[in-house]
Amino acid sequence: MQIGINTFVTDEGISGPKLGQALEERGFESLFLAEHSHIPASRESPYPGGGELPRMYYRVLDPFVTLGAVAAVTEKLLLGSGVTLLIQRDLIHTAKEVATLDRISNGRFVFGVGVGWNREEMADHGTDPRTRGALLDEQLAALREIWTKDLAEYHGRFIDFDPMYAWPKPVQQPHPPIFIGGGEAAAKRAVRHGVGWIPVALTDPTAIAAQLAPFNGNDLPVSVVGVAPDPAILDAYAEAGVQRVTISLPTRPEDESLRTLDDFAKLVDRYLTLR
């Protein structure tokens, strides 16, 4: 099981390049960045974590631009979107951004996608929350067409384009790994598409087997987000056969972030030594 970091990179915390270098120096496998285009001032959608929406949601940087900067100063670190709100994005531009990032990082990109929770944010992009799952299904199919065919074409209910040329193509073949983030519905969608799943970590090690049960027997990868730096939880996910876990790094200034990463790295080193 690989261990990475997930976080929100903002204008108020450690920069992406500094963070990427620090992770690579400390032996972490990956960096996954969150995405929100904006936060509507009038919002009825409740924050899934409960309470007030944290400040980092309002100030998060664009993940593709940030990961491009990280790619330039790292060599081995995997670069992931965790998750891209694909249903709010132009599909053809996103296909080019993913392929470009995979190319400039020499095949280090992992594409996490999701349908999101902020209905007002979706609506500002012209996305109907009621059909966002069906839209994501078509987007994933159309992206594969663009990435794998010189002459791509797709005709669906939501996505519709005539034959076209679109380069660059990704370095990874047939395309970067795709993971769908969310709960049981996301797990079922991942199985239908034959891609990975990103569930949110649990805090009770005894509940982890049941959490992953809907995905058992599919021989598809699982990458768990937001895992606490707790050996018991790391053990439970490792024993369940997940490919990767990512520990949540709070959005803090550089010095504080580096101290936190040092603490995480020491814990991970002890955990791996004991295993």
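(A) Representation of the overall build of the protein. A count of helical and extended segments in the protein gives 10 helices and 10 strands. The C-alpha atoms of the protein give 18 Å as radius of gyration, which agrees with the globular expectation for 275 residues (19 Å, within 12%). Dimensions of the protein, computed from the C-alpha atoms along their principal axes, are close to 55 × 40 × 40 Å. Counting across all 275 residues of the protein, residues that qualify as buried make up 50%. Looking at the protein alone, contacts between residues at least 24 apart form 70% of all its contacts between residues at least 6 apart.

(B) Molecular detail of the side chain of Gln-139. Its place among the elements puts Gln-139 in helix 6 (residues 132-148). In contact with Gln-139, not counting residues within four places along its chain, are Leu-86, Ile-87, Arg-89, Leu-91 and Ile-159.

(C) A look at the pairing of strand 2 (residues 30-33). Residues Ser-30 and Phe-32 line one face of strand 2 and the alternating positions Leu-31 and Leu-33 line the opposite face, and both faces are buried. Here strand 1 (residues 2-7) runs beside strand 2; their pairing, made up of 3 bridges, is parallel. Paired with Thr-7 across the strands is Leu-33, a residue of strand 2. By the bridge criterion, 4 bridges tie strand 2 to strand 3 (residues 78-84) in an arrangement that is parallel. Following the sheet pairing, Leu-31 is matched in strand 3 by Leu-79.

(D) Inspection of the environment of Tyr-271 at higher detail. Within the fold, Tyr-271 resides in helix 10 (residues 254-274). Residues Tyr-271 and Asn-6, spaced 265 residues apart in sequence, show a C-alpha to C-alpha distance of 19 Å. Each residue touching Tyr-271, except ones within four places of it in the same chain, is listed here: Met-1, Ile-3, Pro-231, Leu-234, Asp-235 and Ala-238.

About the criteria used
- Residues numbered from 1 in each chain as written.
- Predicted model: local features only at pLDDT ≥ 70, side-chain atom pairs only at ≥ 80, totals over all residues.
- Heavy atoms only, no water.
- Helix = DSSP H or I, 4+ residues; strand = E, 2+ residues; numbered from the N terminus.
- Rg over C-alpha atoms; globule rule 2.2 N^0.38 Å.
- Buried < 20%, exposed > 50% of the residue type's maximum accessible area, 1.4 Å probe, protein only.
- Contact = heavy atoms within 4.5 Å.
- Pairing = 2+ DSSP bridges.

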